[in-house]
Protein chains: 2
Amino acid sequence: VDLSRVERNARRMAEHTRRLGVRLRPHTKTHKCVEAARLQVEGHSGGVTVSTLAEARALAEAGFRDITYAVALPLDRLDDCERLHRDLDGFHLLLDHPRTLAELERSGSARGLRWSVLLKVDSGAHRTGVDPAGDRSVSLASALHESPEVDFRGILTHAGQSYQCRSAAEAAEIVNHERTLMVDFADRLRGAGITVDEISIGSTPGVMAATALEGVTEVRPGNYIFFDATQAAIGSCSIDALAFSVLATVIGVYPERREAVINAGALALSKDPGPTHVNPQCGCGVLVDPDGQQLIAGHTIVSLSQEHGVIRSDRDLDPSWLPGTRLRIFPNHSCLAAACFDRYHIVRGTEVVDEWHPVRGW
Amino acid sequence: VDLSRVERNARRMAEHTRRLGVRLRPHTKTHKCVEAARLQVEGHSGGVTVSTLAEARALAEAGFRDITYAVALPLDRLDDCERLHRDLDGFHLLLDHPRTLAELERSGSARGLRWSVLLKVDSGAHRTGVDPAGDRSVSLASALHESPEVDFRGILTHAGQSYQCRSAAEAAEIVNHERTLMVDFADRLRGAGITVDEISIGSTPGVMAATALEGVTEVRPGNYIFFDATQAAIGSCSIDALAFSVLATVIGVYPERREAVINAGALALSKDPGPTHVNPQCGCGVLVDPDGQQLIAGHTIVSLSQEHGVIRSDRDLDPSWLPGTRLRIFPNHSCLAAACFDRYHIVRGTEVVDEWHPVRGW
């Protein structure tokens, strides 16, 4: 992990969102560690977003006080949620279904607490969330608003389709749509007498591309702290913003087939296929020199098995590559690749200055 | 992890390889834990195979005495290799390049030890290994044989292309080719005055399909201990042999698009695309009821993001599926999915009887 790049990515997002006039509640799922979360919240309220209760627990223990668990609540985790609810100033849950509300009401009464809840909205990713154009979304929001057992905070979405865009211009269109849809939905709810304090949106491509976010109260990008080869390919960042890389060793060279093999496979880079919609030949990551400064053009990581990566060159293989040669890879998807490691070597330039330990599990 | 299935898979492979007249040196990369390795070696010599030095260290500490590190040696790990070499009765390294031999000779002299080495052979997977038809393979074997600093044990291959087969019949062809190629290569080396004690082959599909392995001394299958949806699809096993599964919770239901969302995503199942060459619509794993007994036909896990899996039904969504409903998934590739977890719940029937802790890292 290149610390200077992490710091720069964090600072830029903090400034960008201040200029946009929205609170930054950064997502921590990409790095899953306390140190990076601290850099992300500098200059903002300190609120963060998590994808697992394990992340929430680690951040709570490190002193974070305001956490949104941005996955539709799994109902078998209420004990863990209760502990976080009691330990934190704010611990916010997501739901999109009346059954979840009914379970929260029942458990809130039984446990003597009032859950803080956001309504998850589908803004086009078609993963989870209510349809804001439908009637059931309003009736569920109304039930949340009326319920004495929950504290209804507002609405939240993640326009994950932004990962499928091809340029910053396309990402800007998506985030404009995401904003408009959410603000209009909030207006509709308010028209029905429902209080909506929070309008939370965001993904890294969308927020990076946003130029105005009127009506939105907070954004939750996460990947931007490391970025990755996909984000560079779709125009969210330049290559020199990529802060997470995997250092690998050549373990085989095969000049006759213009291939070399490295000891970084699917368990170091993940099997994420990368931005094939932008570049069908993107391969399994971007190859750079060991110092991480120079792209190695004309070389593709063509396949990954568990502990092997196969690199193919479109010219003769560099004769200086031998077993023992080191290469660096910017993975396609840093969220998945970072999760392969139980520690990150934190570097400034080529010097290892620290070691961070991401949490794991759920 | 279904313990009865693990025990049965281990027993069947142990018996099958005894009938074939070959030693079983099971690969431990799929499970990465001591308990499963102990079950794998029952009735055989006790030798095992690893894909990382972390696996080797864990097994050495648990009393395993004979380990093959079946990845072409990364030359920056000689310190770790030396510790294992000194601690074990047998610790065997792989190489396919003269530079690696030169480095082993230099380091063997400097460290006062004689490395145990196998020559890695390419039998068609085109990942690592020397070409047995070429001259350089013989000259490297000769250099290994002549070297006073290394103990040349023999030749080793992994016909990884067996994962691309479509049936047990095709896997049988591949393993026959693998056997013949290795035995012929050994004969060629012996004809050149080179001693070849070990002829080591093997992958799960190939070994499962093998009916005769004359000349082969040992096999190194690994996946068979858990099997997975890919192995079932290509004919290595039946579905009721699958011993590793992921229990997930429904967190969203969307009858209007016939979809449900579970809290098992790429960090629980891996992004392995599965046996698309057999079934392009295989999706991201095989869905079963929570007890793991009944396939849920007509449902496909159509996409995975970090913490979400999207299930699509080809009929109306089962109205009994609600947030909180549990489902079980047999992953496409158990080696990658198991590596997502820091512990396995070991079950007999529906009772959790133990917890195993796989090692991680390299």
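All values reported here derive from a predicted model rather than from experimental measurement.

Cut-offs and rules
Residues numbered from 1 in each chain as written. Chains lettered and ligands numbered in written order. Predicted model: local features only at pLDDT ≥ 70, side-chain atom pairs only at ≥ 80, totals over all residues. Heavy atoms only, no water. Helix = DSSP H or I, 4+ residues; strand = E, 2+ residues; numbered from the N terminus. Rg over C-alpha atoms; globule rule 2.2 N^0.38 Å. Buried < 20%, exposed > 50% of the residue type's maximum accessible area, 1.4 Å probe, protein only. Lys, Arg positive; Asp, Glu negative; His and termini not counted. Charge placed at Lys NZ, Arg CZ, Asp CG, Glu CD. Core = buried A, V, L, I, M, F, W, Y, C linked by side-chain atoms within 4.5 Å. Contact = heavy atoms within 4.5 Å. Axes fitted to C-alpha atoms, helices over the stretch in contact; angles between N-to-C directions. Parallel < 35°, antiparallel > 145°, perpendicular 65-115°, else oblique. Left-handed = near helix turned anticlockwise from the far one by under 90°. Nonpolar A, V, L, I, M, F, W, Y, C, P; charged D, E, K, R; others polar. Salt bridge = Lys/Arg side-chain N within 4 Å of Asp/Glu carboxyl O.

Secondary structure assignment for chain A yields eleven helices and 16 strands. On C-alpha atoms alone, chain A measures out to a radius of gyration of 22 Å, which is about the 21 Å that the 2.2 N^0.38 rule sets for 362 residues. Each principal axis of the C-alpha atoms in chain A carries an extent, and together these give about 70 × 40 × 35 Å. In chain A, which comprises 362 residues, the share counted as buried stands at 63%. Charged side chains of chain A number 39 positive and 47 negative; the gap between the two group centres comes to 1 Å.

Counting 111 residues, the largest nonpolar core has Phe91(A), Leu119(A), Ile155(A), Tyr344(A) and Trp356(A) as its most contacted members. Looking at this core, the element that brings in the most residues is helix α7 (residues 168–191) of chain A, giving seven residues. When near neighbours in sequence (up to four residues on either side) are disregarded, Trp356(A) contacts Val1(A), Leu3(A), Val6(A), Cys33(A), Glu35(A), Ala36(A), Leu39(A), Asp342(A), Arg343(A), Tyr344(A) and Ile346(A). Residues Val22(B), Tyr69(B), Leu101(B) and Trp115(B) belong to the second largest nonpolar core, which totals 108 residues.

Turning our attention to the packing of helix α6 (residues 135–146) of chain A against α7(A). Residues and elements named next belong to chain A. At their nearest, the axes of α6 and α7 sit 10 Å apart, and the two run at 60° to each other. Relative to α7, α6 is oriented oblique. The way α6 lies across α7 gives a crossing that is right-handed. Across from Asp135, Ser137, Val138 and Ala141 in α6, the residues of α7 making contact are Phe185, Arg188 and Leu189. Residues belonging to the contact of α6 with α7 are distributed by class as follows: four nonpolar, one polar and two charged.

Right, let's get into the pattern of salt bridges. Two side chains bearing opposite charge may form a pair once their charged atoms approach each other closely. This model, assessed by the stated rule, comprises 59 salt bridges over all chains. The shortest N-O distance in the salt bridge between Glu55(A) and Lys32(A) comes to 2.7 Å. Taken together, the residues span a long stretch of sequence, with Glu55(A) in helix α3 (residues 53–61) and Lys32(A) in the loop between β1 (23–24) and α2 (34–41) at a distance of 23 residues. The pair Glu55(A) / Lys32(A) is uniform in exposure class, with both members buried. Taking the shortest distance from any N to any O, the salt bridge between Arg188(B) and Asp135(B) comes out at 3.5 Å. In this pair, Arg188(B) is assigned in helix α7 (residues 168–191) and Asp135(B) in helix α6 (residues 135–146), connecting sequence segments 53 residues apart. A relative accessible area of 61% places Asp135(B) in the exposed class.

Residues and elements named next belong to chain B. Of all the eight residues making up helix α2 (residues 34–41), six are buried; the element is thus mostly covered by neighbouring parts of the structure. All of the buried residues along α2 are Val34, Ala36, Ala37, Leu39, Gln40 and Val41. In this fold, the buried residues of α2 make contact with α1 (3–20), β1 (23–24), β2 (48–50), α3 (53–61) and β16 (351–356). Gly43 occupies a position one or two residues after α2 and carries a positive phi of about 85°.

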